[in-house]
Amino acid sequence: MEPMTVPQDAGQLLAEGIHAHLRGESPKAVGLLHDAYLLRLGMHDVPGALQVAFQLAMVHGTTGHPSQFNGWLERSQRLLEAQDAGGSKLSSALEVAAGYILAMEVHKSLGPQGFTPLLPVLRRILEIGRRHQCADLICLALIGIGRAQIDAALIIQGLGALDEAMVLVLGGECTPIPNGLIWCAAIEACQEIGAFERVCEWTAALDQWRRDRPGVRAFGGECALHSGQILALRGAWGAAMEEFSAAGQRFEMNSQVYAAGAAARERGDLLRIRGEFGPAELAYQESAEHGCDPQPGLALLWAGRGETDAAAAAVDRCLAERIIPARRIPLLPQSIEVYLLLGDIERAAELAVELEQLARQSGCEIALAAAAQAYAGLELLRADAPAALPYARKAIQAWKKIGCPYRATQSRVLLGRALRVVGDKASADAELHAAARGFESLGALPEAQETRNLLIDPQASGTAAYPSGLTEREVQVLRLVAAGHSNREIAGTLYLSEKTVARHLSNIFAKLDVGSRTAAAAWAFARDLL
(Lines give C-alpha, C1' and ligand atoms only; values in the text may rest on other atoms or scores of the structure.)
Protein backbone atom coordinates (compact mmCIF):
# COMPACT_ATOMS: atom_id res chain seq x y z
CA MET A 1 0.00 0.00 0.00
CA GLU A 2 1.46 3.40 -1.01
CA PRO A 3 1.92 6.01 1.73
CA MET A 4 -0.58 8.84 1.73
CA THR A 5 0.70 12.18 0.38
CA VAL A 6 0.24 15.06 2.80
CA PRO A 7 -1.00 18.17 0.94
CA GLN A 8 1.52 20.98 0.99
CA ASP A 9 0.60 24.22 2.75
CA ALA A 10 1.97 27.41 1.16
CA GLY A 11 2.13 29.22 4.49
CA GLN A 12 4.15 26.41 6.06
CA LEU A 13 6.50 26.27 3.07
CA LEU A 14 7.01 30.03 3.31
CA ALA A 15 7.80 29.85 7.04
CA GLU A 16 10.20 26.94 6.54
CA GLY A 17 11.90 28.76 3.65
CA ILE A 18 12.42 31.90 5.70
CA HIS A 19 13.81 29.91 8.62
CA ALA A 20 16.19 28.07 6.30
CA HIS A 21 17.49 31.41 5.01
CA LEU A 22 18.00 32.69 8.55
CA ARG A 23 19.93 29.51 9.36
CA GLY A 24 22.24 30.22 6.43
CA GLU A 25 20.82 27.43 4.24
CA SER A 26 20.12 29.62 1.23
CA PRO A 27 19.79 26.83 -1.42
CA LYS A 28 17.23 25.03 0.75
CA ALA A 29 15.45 28.33 1.40
CA VAL A 30 15.20 29.05 -2.33
CA GLY A 31 13.68 25.61 -3.00
CA LEU A 32 11.06 25.94 -0.26
CA LEU A 33 10.15 29.48 -1.23
CA HIS A 34 9.89 28.52 -4.89
CA ASP A 35 7.48 25.73 -3.98
CA ALA A 36 5.42 28.17 -1.88
CA TYR A 37 5.31 30.59 -4.83
CA LEU A 38 4.10 27.92 -7.26
CA LEU A 39 1.54 26.61 -4.80
CA ARG A 40 0.04 30.07 -4.23
CA LEU A 41 0.07 30.76 -7.94
CA GLY A 42 -1.72 27.45 -8.56
CA MET A 43 -4.35 28.49 -6.03
CA HIS A 44 -4.79 31.79 -7.95
CA ASP A 45 -3.52 33.67 -4.89
CA VAL A 46 -1.57 36.26 -6.92
CA PRO A 47 -0.99 38.72 -4.03
CA GLY A 48 0.37 35.87 -1.89
CA ALA A 49 2.57 34.63 -4.75
CA LEU A 50 4.00 38.13 -5.28
CA GLN A 51 4.87 38.49 -1.60
CA VAL A 52 6.71 35.17 -1.76
CA ALA A 53 8.49 36.41 -4.89
CA PHE A 54 9.72 39.41 -2.90
CA GLN A 55 11.16 37.10 -0.24
CA LEU A 56 12.85 35.01 -2.95
CA ALA A 57 14.30 38.05 -4.66
CA MET A 58 15.76 39.41 -1.44
CA VAL A 59 17.35 36.06 -0.58
CA HIS A 60 19.08 36.12 -3.97
CA GLY A 61 19.91 39.81 -3.67
CA THR A 62 21.70 39.35 -0.33
CA THR A 63 23.59 36.17 -1.20
CA GLY A 64 25.42 37.29 -4.33
CA HIS A 65 22.97 36.25 -7.08
CA PRO A 66 21.96 39.49 -8.83
CA SER A 67 20.74 37.79 -12.01
CA GLN A 68 18.30 35.67 -9.99
CA PHE A 69 17.15 38.79 -8.16
CA ASN A 70 16.52 40.54 -11.48
CA GLY A 71 14.69 37.49 -12.83
CA TRP A 72 12.25 37.43 -9.92
CA LEU A 73 11.70 41.16 -10.23
CA GLU A 74 10.85 40.83 -13.93
CA ARG A 75 8.57 37.87 -13.27
CA SER A 76 6.75 39.77 -10.51
CA GLN A 77 6.30 42.86 -12.68
CA ARG A 78 4.76 40.80 -15.48
CA LEU A 79 2.43 38.99 -13.11
CA LEU A 80 1.21 42.28 -11.61
CA GLU A 81 0.75 43.81 -15.07
CA ALA A 82 -1.44 40.87 -16.05
CA GLN A 83 -3.72 41.60 -13.07
CA ASP A 84 -3.89 45.28 -13.95
CA ALA A 85 -4.60 44.75 -17.66
CA GLY A 86 -8.26 45.65 -17.37
CA GLY A 87 -7.45 49.02 -15.87
CA SER A 88 -9.57 48.38 -12.76
CA LYS A 89 -8.43 49.48 -9.32
CA LEU A 90 -6.13 47.03 -7.57
CA SER A 91 -7.45 45.21 -4.54
CA SER A 92 -5.87 46.01 -1.16
CA ALA A 93 -3.86 42.77 -1.21
CA LEU A 94 -2.59 43.44 -4.74
CA GLU A 95 -1.68 47.02 -3.87
CA VAL A 96 0.44 45.79 -0.96
CA ALA A 97 2.08 43.30 -3.33
CA ALA A 98 2.74 46.19 -5.72
CA GLY A 99 4.48 47.98 -2.86
CA TYR A 100 6.83 45.02 -2.42
CA ILE A 101 7.62 45.12 -6.14
CA LEU A 102 8.42 48.84 -5.85
CA ALA A 103 10.77 47.98 -2.96
CA MET A 104 12.53 45.48 -5.24
CA GLU A 105 12.85 48.17 -7.93
CA VAL A 106 14.47 50.50 -5.38
CA HIS A 107 16.97 47.79 -4.45
CA LYS A 108 17.85 47.29 -8.12
CA SER A 109 18.10 51.01 -8.94
CA LEU A 110 20.45 52.04 -6.13
CA GLY A 111 23.53 53.72 -7.58
CA PRO A 112 26.29 56.21 -6.68
CA GLN A 113 23.72 58.97 -6.05
CA GLY A 114 22.12 56.92 -3.29
CA PHE A 115 18.43 57.11 -2.44
CA THR A 116 17.82 60.72 -3.44
CA PRO A 117 16.71 60.01 -7.06
CA LEU A 118 14.37 57.32 -5.73
CA LEU A 119 12.44 59.56 -3.32
CA PRO A 120 9.20 59.59 -5.38
CA VAL A 121 9.13 55.77 -5.40
CA LEU A 122 9.98 55.62 -1.69
CA ARG A 123 7.15 58.02 -0.84
CA ARG A 124 4.75 55.88 -2.89
CA ILE A 125 5.85 52.77 -0.94
CA LEU A 126 5.35 54.65 2.34
CA GLU A 127 1.88 55.74 1.25
CA ILE A 128 0.88 52.15 0.42
CA GLY A 129 2.38 50.84 3.65
CA ARG A 130 0.58 53.33 5.85
CA ARG A 131 -2.75 52.96 4.06
CA HIS A 132 -2.72 49.20 4.55
CA GLN A 133 -0.76 49.12 7.85
CA CYS A 134 2.05 47.02 6.34
CA ALA A 135 5.04 47.39 8.67
CA ASP A 136 7.49 45.92 6.10
CA LEU A 137 6.67 48.57 3.50
CA ILE A 138 6.60 51.41 6.04
CA CYS A 139 10.04 50.51 7.34
CA LEU A 140 11.62 49.85 3.93
CA ALA A 141 10.39 53.25 2.75
CA LEU A 142 11.45 55.11 5.91
CA ILE A 143 14.99 53.71 5.72
CA GLY A 144 15.36 54.93 2.12
CA ILE A 145 13.75 58.31 2.83
CA GLY A 146 15.90 58.76 5.92
CA ARG A 147 19.08 58.06 4.00
CA ALA A 148 18.03 60.46 1.22
CA GLN A 149 17.41 63.18 3.81
CA ILE A 150 20.81 62.56 5.39
CA ASP A 151 22.44 62.83 1.97
CA ALA A 152 20.62 66.15 1.45
CA ALA A 153 22.18 67.44 4.73
CA LEU A 154 18.79 67.14 6.51
CA ILE A 155 20.53 64.94 9.03
CA ILE A 156 18.23 65.40 12.02
CA GLN A 157 15.15 64.65 9.89
CA GLY A 158 16.86 61.65 8.31
CA LEU A 159 17.83 60.19 11.67
CA GLY A 160 14.24 60.73 12.79
CA ALA A 161 12.98 58.60 9.87
CA LEU A 162 15.46 55.85 10.81
CA ASP A 163 14.31 56.05 14.44
CA GLU A 164 10.67 55.65 13.38
CA ALA A 165 11.51 52.59 11.29
CA MET A 166 13.46 51.01 14.14
CA VAL A 167 10.50 51.40 16.51
CA LEU A 168 8.58 48.96 14.29
CA VAL A 169 11.60 46.67 13.88
CA LEU A 170 12.39 46.50 17.59
CA GLY A 171 8.70 45.98 18.30
CA GLY A 172 8.75 42.82 16.18
CA GLU A 173 6.21 44.16 13.68
CA CYS A 174 8.16 43.28 10.51
CA THR A 175 8.53 39.88 8.87
CA PRO A 176 11.98 38.24 9.31
CA ILE A 177 13.76 38.88 5.98
CA PRO A 178 12.81 42.59 5.63
CA ASN A 179 13.38 42.92 9.37
CA GLY A 180 17.05 41.97 9.06
CA LEU A 181 17.59 44.08 5.95
CA ILE A 182 16.06 47.15 7.59
CA TRP A 183 18.08 46.60 10.76
CA CYS A 184 21.40 46.37 8.91
CA ALA A 185 20.57 49.29 6.60
CA ALA A 186 19.77 51.55 9.55
CA ILE A 187 23.00 50.65 11.35
CA GLU A 188 25.01 51.15 8.16
CA ALA A 189 23.43 54.58 7.58
CA CYS A 190 24.39 55.72 11.07
CA GLN A 191 27.87 54.26 10.76
CA GLU A 192 28.41 56.21 7.52
CA ILE A 193 27.86 59.54 9.27
CA GLY A 194 29.41 58.73 12.64
CA ALA A 195 26.12 58.46 14.59
CA PHE A 196 27.66 55.79 16.79
CA GLU A 197 25.19 56.23 19.63
CA ARG A 198 22.54 54.61 17.42
CA VAL A 199 25.04 52.11 16.00
CA CYS A 200 25.77 50.91 19.53
CA GLU A 201 22.11 50.71 20.54
CA TRP A 202 20.87 48.96 17.42
CA THR A 203 23.83 46.60 17.09
CA ALA A 204 23.31 45.45 20.69
CA ALA A 205 19.63 44.86 19.92
CA LEU A 206 20.45 42.93 16.72
CA ASP A 207 22.99 40.82 18.61
CA GLN A 208 20.38 40.04 21.27
CA TRP A 209 17.82 39.16 18.59
CA ARG A 210 20.25 36.68 17.05
CA ARG A 211 21.23 35.20 20.45
CA ASP A 212 17.55 34.66 21.24
CA ARG A 213 17.42 32.54 18.07
CA PRO A 214 20.44 30.20 18.37
CA GLY A 215 20.03 28.74 14.89
CA VAL A 216 20.10 32.10 13.10
CA ARG A 217 23.22 32.67 11.00
CA ALA A 218 21.94 35.39 8.67
CA PHE A 219 23.29 38.92 9.21
CA GLY A 220 26.18 37.46 11.19
CA GLY A 221 28.78 39.33 9.14
CA GLU A 222 27.08 42.68 9.60
CA CYS A 223 26.62 42.04 13.31
CA ALA A 224 30.28 41.07 13.74
CA LEU A 225 31.50 44.10 11.74
CA HIS A 226 29.49 46.61 13.75
CA SER A 227 30.24 44.85 17.04
CA GLY A 228 33.93 45.11 16.13
CA GLN A 229 33.59 48.84 15.44
CA ILE A 230 31.99 49.36 18.84
CA LEU A 231 34.68 47.30 20.59
CA ALA A 232 37.38 49.28 18.77
CA LEU A 233 35.78 52.54 19.89
CA ARG A 234 35.72 51.28 23.49
CA GLY A 235 39.40 50.26 23.37
CA ALA A 236 38.85 46.46 23.39
CA TRP A 237 41.10 45.99 20.39
CA GLY A 238 41.85 42.29 20.72
CA ALA A 239 38.15 41.42 20.76
CA ALA A 240 37.53 43.89 17.93
CA MET A 241 40.16 42.18 15.75
CA GLU A 242 38.44 38.84 16.33
CA GLU A 243 35.10 40.31 15.27
CA PHE A 244 36.57 41.89 12.13
CA SER A 245 38.19 38.59 11.14
CA ALA A 246 34.93 36.72 11.74
CA ALA A 247 32.99 39.33 9.78
CA GLY A 248 35.37 39.05 6.83
CA GLN A 249 35.02 35.26 6.74
CA ARG A 250 31.21 35.42 6.87
CA PHE A 251 31.06 38.06 4.16
CA GLU A 252 33.34 35.97 1.95
CA MET A 253 31.08 32.93 2.40
CA ASN A 254 28.05 34.99 1.35
CA SER A 255 29.85 36.59 -1.63
CA GLN A 256 29.54 40.02 0.02
CA VAL A 257 32.81 41.19 -1.48
CA TYR A 258 32.72 44.91 -0.63
CA ALA A 259 31.67 44.20 2.96
CA ALA A 260 34.62 41.79 3.32
CA GLY A 261 36.85 44.66 2.16
CA ALA A 262 35.35 46.96 4.79
CA ALA A 263 36.18 44.42 7.50
CA ALA A 264 39.77 44.22 6.19
CA ARG A 265 40.06 48.02 6.27
CA GLU A 266 38.93 48.07 9.89
CA ARG A 267 41.62 45.49 10.72
CA GLY A 268 44.18 47.62 8.91
CA ASP A 269 43.30 50.68 10.99
CA LEU A 270 43.75 48.80 14.27
CA LEU A 271 46.98 47.14 13.16
CA ARG A 272 48.38 50.53 12.13
CA ILE A 273 47.52 52.11 15.48
CA ARG A 274 49.16 49.15 17.28
CA GLY A 275 52.35 49.63 15.27
CA GLU A 276 52.02 46.43 13.24
CA PHE A 277 52.71 48.30 10.02
CA GLY A 278 53.48 45.34 7.73
CA PRO A 279 50.29 43.44 8.59
CA ALA A 280 48.36 46.72 8.41
CA GLU A 281 49.54 47.33 4.86
CA LEU A 282 48.54 43.78 3.91
CA ALA A 283 45.07 44.35 5.40
CA TYR A 284 44.71 47.60 3.45
CA GLN A 285 45.81 45.77 0.29
CA GLU A 286 43.16 43.09 0.96
CA SER A 287 40.58 45.83 1.37
CA ALA A 288 41.51 47.37 -1.97
CA GLU A 289 41.42 43.98 -3.71
CA HIS A 290 37.81 43.62 -2.54
CA GLY A 291 36.90 46.97 -4.10
CA CYS A 292 36.85 48.89 -0.79
CA ASP A 293 38.93 52.06 -0.55
CA PRO A 294 41.51 51.66 2.28
CA GLN A 295 41.87 55.42 2.68
CA PRO A 296 42.40 57.52 4.70
CA GLY A 297 43.91 54.94 7.04
CA LEU A 298 46.54 53.94 4.50
CA ALA A 299 47.41 57.62 3.95
CA LEU A 300 48.09 57.94 7.69
CA LEU A 301 50.43 54.96 7.41
CA TRP A 302 52.25 56.63 4.51
CA ALA A 303 52.42 60.00 6.27
CA GLY A 304 53.86 58.36 9.37
CA ARG A 305 56.79 56.97 7.43
CA GLY A 306 57.47 60.18 5.52
CA GLU A 307 55.69 59.48 2.22
CA THR A 308 54.07 62.90 2.33
CA ASP A 309 53.26 63.36 -1.34
CA ALA A 310 51.53 59.97 -1.57
CA ALA A 311 49.54 60.65 1.61
CA ALA A 312 48.40 64.10 0.47
CA ALA A 313 47.42 62.88 -3.00
CA ALA A 314 45.42 59.96 -1.57
CA VAL A 315 43.47 62.11 0.89
CA ASP A 316 42.83 64.81 -1.73
CA ARG A 317 41.44 62.16 -4.07
CA CYS A 318 39.29 60.61 -1.32
CA LEU A 319 37.75 63.92 -0.36
CA ALA A 320 37.09 64.82 -3.99
CA GLU A 321 35.21 61.54 -4.50
CA ARG A 322 33.07 61.81 -1.35
CA ILE A 323 30.73 64.57 -2.49
CA ILE A 324 27.70 63.91 -0.26
CA PRO A 325 28.37 66.15 2.78
CA ALA A 326 27.03 63.90 5.55
CA ARG A 327 29.01 60.91 4.29
CA ARG A 328 32.22 62.93 4.65
CA ILE A 329 31.85 62.96 8.45
CA PRO A 330 33.75 59.68 9.14
CA LEU A 331 36.40 60.63 6.54
CA LEU A 332 37.19 64.11 7.86
CA PRO A 333 38.90 63.38 11.24
CA GLN A 334 41.58 61.12 9.74
CA SER A 335 41.99 63.43 6.74
CA ILE A 336 42.61 66.37 9.09
CA GLU A 337 45.11 64.20 10.98
CA VAL A 338 46.99 63.59 7.73
CA TYR A 339 47.15 67.29 6.87
CA LEU A 340 48.31 68.14 10.41
CA LEU A 341 51.10 65.59 10.06
CA LEU A 342 52.04 67.21 6.75
CA GLY A 343 51.93 70.67 8.31
CA ASP A 344 49.29 71.91 5.87
CA ILE A 345 47.53 74.41 8.15
CA GLU A 346 45.29 75.85 5.47
CA ARG A 347 43.79 72.55 4.33
CA ALA A 348 43.47 71.20 7.89
CA ALA A 349 41.65 74.38 8.96
CA GLU A 350 39.27 74.20 6.00
CA LEU A 351 38.31 70.63 6.85
CA ALA A 352 38.05 71.33 10.59
CA VAL A 353 35.47 74.03 9.89
CA GLU A 354 33.55 71.63 7.63
CA LEU A 355 33.63 68.90 10.28
CA GLU A 356 32.36 71.24 12.99
CA GLN A 357 29.50 72.46 10.78
CA LEU A 358 28.44 68.91 9.90
CA ALA A 359 28.76 67.86 13.54
CA ARG A 360 26.40 70.64 14.60
CA GLN A 361 23.93 69.75 11.84
CA SER A 362 23.90 66.11 12.88
CA GLY A 363 24.23 66.49 16.63
CA CYS A 364 26.52 63.43 16.59
CA GLU A 365 28.69 63.48 19.70
CA ILE A 366 31.58 61.67 18.02
CA ALA A 367 31.78 64.26 15.25
CA LEU A 368 31.68 67.09 17.81
CA ALA A 369 34.48 65.47 19.82
CA ALA A 370 36.56 64.93 16.67
CA ALA A 371 36.09 68.59 15.67
CA ALA A 372 37.32 69.79 19.08
CA GLN A 373 40.37 67.51 18.82
CA ALA A 374 41.07 68.75 15.30
CA TYR A 375 40.97 72.39 16.41
CA ALA A 376 43.35 71.64 19.30
CA GLY A 377 45.90 70.13 16.91
CA LEU A 378 45.38 72.97 14.45
CA GLU A 379 46.01 75.70 17.04
CA LEU A 380 49.19 73.96 18.19
CA LEU A 381 50.42 73.85 14.60
CA ARG A 382 49.64 77.57 14.36
CA ALA A 383 51.83 78.05 17.46
CA ASP A 384 48.84 79.35 19.47
CA ALA A 385 48.95 77.14 22.54
CA PRO A 386 46.53 79.26 24.63
CA ALA A 387 43.88 78.80 21.92
CA ALA A 388 44.55 75.04 21.84
CA LEU A 389 43.91 74.55 25.58
CA PRO A 390 40.08 74.86 25.66
CA TYR A 391 39.70 72.72 22.55
CA ALA A 392 41.89 69.96 24.01
CA ARG A 393 39.95 69.97 27.29
CA LYS A 394 36.63 69.91 25.44
CA ALA A 395 37.82 66.97 23.33
CA ILE A 396 38.97 64.99 26.38
CA GLN A 397 35.64 65.48 28.14
CA ALA A 398 33.66 64.58 25.01
CA TRP A 399 35.66 61.44 24.23
CA LYS A 400 35.41 60.26 27.84
CA LYS A 401 31.65 60.80 27.81
CA ILE A 402 31.37 58.73 24.63
CA GLY A 403 33.64 56.04 26.08
CA CYS A 404 36.49 56.26 23.59
CA PRO A 405 39.78 55.95 25.52
CA TYR A 406 42.10 56.09 22.51
CA ARG A 407 40.89 59.45 21.20
CA ALA A 408 40.69 60.82 24.75
CA THR A 409 44.33 59.86 25.24
CA GLN A 410 45.33 61.54 21.97
CA SER A 411 43.60 64.69 23.19
CA ARG A 412 45.52 64.50 26.50
CA VAL A 413 48.75 64.62 24.50
CA LEU A 414 47.53 67.79 22.79
CA LEU A 415 46.63 69.26 26.17
CA GLY A 416 50.06 68.35 27.57
CA ARG A 417 51.85 69.95 24.63
CA ALA A 418 49.80 73.14 24.97
CA LEU A 419 50.38 73.33 28.74
CA ARG A 420 54.11 73.00 28.24
CA VAL A 421 54.19 75.83 25.70
CA VAL A 422 52.34 78.19 28.06
CA GLY A 423 54.88 77.38 30.80
CA ASP A 424 52.89 75.00 33.05
CA LYS A 425 55.49 72.20 32.93
CA ALA A 426 54.25 70.25 35.96
CA SER A 427 50.70 69.98 34.62
CA ALA A 428 52.03 69.20 31.16
CA ASP A 429 54.20 66.35 32.45
CA ALA A 430 51.29 64.90 34.43
CA GLU A 431 49.10 64.86 31.29
CA LEU A 432 51.83 63.35 29.13
CA HIS A 433 52.71 60.65 31.68
CA ALA A 434 49.02 59.71 31.93
CA ALA A 435 48.72 59.68 28.14
CA ALA A 436 51.78 57.45 27.73
CA ARG A 437 50.33 54.96 30.23
CA GLY A 438 46.97 55.14 28.47
CA PHE A 439 48.49 54.35 25.07
CA GLU A 440 50.48 51.46 26.54
CA SER A 441 47.41 49.92 28.19
CA LEU A 442 45.53 50.11 24.90
CA GLY A 443 48.40 48.69 22.85
CA ALA A 444 49.06 51.88 20.83
CA LEU A 445 52.82 51.43 21.27
CA PRO A 446 54.07 53.91 18.61
CA GLU A 447 52.11 56.76 20.18
CA ALA A 448 53.16 55.64 23.66
CA GLN A 449 56.80 55.95 22.60
CA GLU A 450 56.22 59.32 20.90
CA THR A 451 54.62 60.59 24.12
CA ARG A 452 57.55 59.32 26.20
CA ASN A 453 59.85 61.14 23.79
CA LEU A 454 57.93 64.36 24.44
CA LEU A 455 58.72 64.03 28.14
CA ILE A 456 62.42 63.77 27.27
CA ASP A 457 62.51 66.24 24.34
CA PRO A 458 59.77 68.88 24.28
CA GLN A 459 60.48 69.54 20.58
CA ALA A 460 59.56 65.96 19.64
CA SER A 461 56.00 67.04 18.92
CA GLY A 462 55.28 64.71 16.02
CA THR A 463 55.77 67.48 13.44
CA ALA A 464 58.99 69.20 12.48
CA ALA A 465 59.61 72.51 14.30
CA TYR A 466 60.66 75.24 11.86
CA PRO A 467 61.53 78.88 12.58
CA SER A 468 58.90 81.63 12.35
CA GLY A 469 56.11 79.06 12.63
CA LEU A 470 56.60 77.68 9.12
CA THR A 471 54.79 74.40 8.45
CA GLU A 472 56.28 71.35 6.74
CA ARG A 473 54.39 72.16 3.53
CA GLU A 474 55.51 75.81 3.61
CA VAL A 475 59.13 74.74 3.98
CA GLN A 476 58.71 72.42 0.98
CA VAL A 477 57.38 75.35 -1.07
CA LEU A 478 60.13 77.67 0.19
CA ARG A 479 62.87 75.21 -0.80
CA LEU A 480 61.47 74.97 -4.32
CA VAL A 481 61.17 78.76 -4.54
CA ALA A 482 64.82 79.09 -3.49
CA ALA A 483 65.76 76.57 -6.19
CA GLY A 484 64.22 78.90 -8.79
CA HIS A 485 61.00 77.01 -9.54
CA SER A 486 57.84 78.80 -10.70
CA ASN A 487 54.47 78.39 -8.99
CA ARG A 488 53.35 76.08 -11.81
CA GLU A 489 56.45 73.89 -11.39
CA ILE A 490 55.99 73.80 -7.62
CA ALA A 491 52.34 72.81 -8.07
CA GLY A 492 53.34 69.92 -10.33
CA THR A 493 56.06 68.72 -7.96
CA LEU A 494 53.89 68.82 -4.80
CA TYR A 495 50.61 67.75 -6.46
CA LEU A 496 48.94 71.04 -5.52
CA SER A 497 46.94 73.58 -7.48
CA GLU A 498 48.69 76.82 -8.46
CA LYS A 499 46.14 78.67 -6.33
CA THR A 500 47.19 76.64 -3.28
CA VAL A 501 50.89 77.29 -3.99
CA ALA A 502 50.16 81.02 -4.20
CA ARG A 503 48.39 80.91 -0.82
CA HIS A 504 51.33 79.07 0.73
CA LEU A 505 53.70 81.67 -0.69
CA SER A 506 51.58 84.51 0.69
CA ASN A 507 51.65 82.87 4.14
CA ILE A 508 55.43 82.43 3.90
CA PHE A 509 55.97 86.10 3.02
CA ALA A 510 53.78 87.16 5.96
CA LYS A 511 55.54 84.88 8.48
CA LEU A 512 59.01 85.91 7.32
CA ASP A 513 58.06 89.58 6.91
CA VAL A 514 59.54 89.68 3.39
CA GLY A 515 58.09 90.96 0.14
CA SER A 516 59.73 88.90 -2.58
CA ARG A 517 60.77 85.40 -3.59
CA THR A 518 64.42 86.50 -3.54
CA ALA A 519 64.19 87.77 0.03
CA ALA A 520 62.43 84.58 1.13
CA ALA A 521 65.18 82.48 -0.47
CA ALA A 522 67.88 84.55 1.22
CA TRP A 523 66.12 84.04 4.58
CA ALA A 524 66.07 80.27 4.02
CA PHE A 525 69.77 80.18 3.04
CA ALA A 526 70.71 82.10 6.19
CA ARG A 527 68.96 79.51 8.39
CA ASP A 528 70.20 76.37 6.61
CA LEU A 529 66.71 75.30 5.54
CA LEU A 530 67.81 74.32 2.02
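Bear in mind the structure is a predicted one, so any value in this text is a computation, not a measurement.

Undergrad: Could you clarify how one ought to interpret the overall build of the protein chain in this entry?
TA: A count of helices and strands for the protein chain gives 27 helices and 0 strands. The C-alpha extent of the protein chain, read off along each of the three principal axes, is 105 × 45 × 35 Å. The 530 residues of the protein chain split such that 53% are buried. Restricting the contact set of the protein chain to residue pairs at least 6 apart, pairs at least 24 apart contribute 58%. For the protein chain, the exposed surface amounts to about 23,300 Å²; the carbon and sulfur share of it is 54%.

Undergrad: Just to check I follow, could you spell out the environment of alanine 444 for this structure?
TA: On the secondary structure map, alanine 444 appears in the loop between helix 22 (425–442) and helix 23 (445–456). Residue classification places alanine 444 among the buried residues on the basis of a relative accessible area of 0%. Contact partners of alanine 444, with chain neighbours within four places excluded, come to Trp237, Ile273, Arg274, Tyr406 and Phe439.

Undergrad: Just checking my understanding: could you explain helix 11 (residues 220–234) for this structure?
TA: Owing to its 3.6 residues per turn, the α-helix brings residues three or four apart onto one side. Here helix 11 is 15 residues long and its end C-alpha atoms lie 21 Å apart, about the 21 Å a rise of 1.5 Å per residue gives. Immediately downstream of helix 11, the backbone of glycine 235 shows phi near 95°, a positive value.

Undergrad: It is not clear to me how unusual backbone geometry should be interpreted in this structure. Could you clarify?
TA: Backbone geometry follows two general trends: most residues other than glycine have a negative phi, and most peptide bonds adopt the trans configuration. For the bond running from glutamine 295 to proline 296, omega is 5°, close enough to zero to count as cis. Of note, alanine 153 is a non-glycine position whose phi angle comes to about 70°, a positive value. As for its position among the elements, alanine 153 is in the loop between helix 7 (135–151) and helix 8 (155–170). Exposure remark for alanine 153: the relative accessible area of 30% places this residue in the partly exposed category. The phi torsion at aspartate 513 lies on the positive side, around 60°, for a residue other than glycine. Looking at the secondary structure, you find aspartate 513 in the loop between helix 26 (498–512) and helix 27 (517–526). You can call aspartate 513 exposed: its relative accessible area is 72%.

Undergrad: Quick question: what am I supposed to make of the packing of aromatic side chains here?
TA: Two aromatic rings are characterised by how far apart their centres lie and by the angle between their planes. Evaluated as defined, the whole model comprises 6 aromatic pairs. A centroid spacing of 5.5 Å and a plane angle of 70° characterise the contact between tryptophan 237 and tyrosine 406, whose relative ring orientation is edge-to-face. Residue tryptophan 237 is found in helix 12 (residues 237–253), and its partner tyrosine 406 is found in helix 21 (residues 405–421); the two are separated by 169 residues along the sequence. Ring centres of tyrosine 375 and tyrosine 391 lie 5.0 Å apart, and the angle between their planes is 25°; this geometry places the pair in the stacked category. Of this pair, tyrosine 375 sits in helix 19 (residues 365–381) while tyrosine 391 sits in helix 20 (residues 385–402), placing them 16 residues apart in sequence. In textbook terms, an aromatic cluster arises when at least three aromatic residues are bridged by ring pairs, as seen for Trp237, Tyr406 and Phe439.

Undergrad: Help me understand helix 6 (residues 119–131) in this model?
TA: With 13 residues, helix 6 extends 18 Å from end C-alpha to end C-alpha; this agrees with the ideal 18 Å at 1.5 Å per step. Of all the residues in helix 6, the buried ones are Leu119, Leu122, Ile125, Leu126, Ile128 and Gly129. The inward-facing, buried residues of helix 6 contact helix 5 (92–109) and helix 7. A positive phi of about 55° marks glutamine 133, the residue just after helix 6.

What counts and how
Residues numbered from 1 in each chain as written. Predicted model: local features only at pLDDT ≥ 70, side-chain atom pairs only at ≥ 80, totals over all residues. Heavy atoms only, no water. Helix = DSSP H or I, 4+ residues; strand = E, 2+ residues; numbered from the N terminus. Buried < 20%, exposed > 50% of the residue type's maximum accessible area, 1.4 Å probe, protein only. Contact = heavy atoms within 4.5 Å. Areas by Shrake-Rupley, 256 points an atom, 1.4 Å probe, with all protein chains shown as cover. Expected span 1.5 Å × (residues − 1). Phe/Tyr/Trp six-rings, centres within 6.5 Å; stacked < 30°, edge-to-face > 60°.

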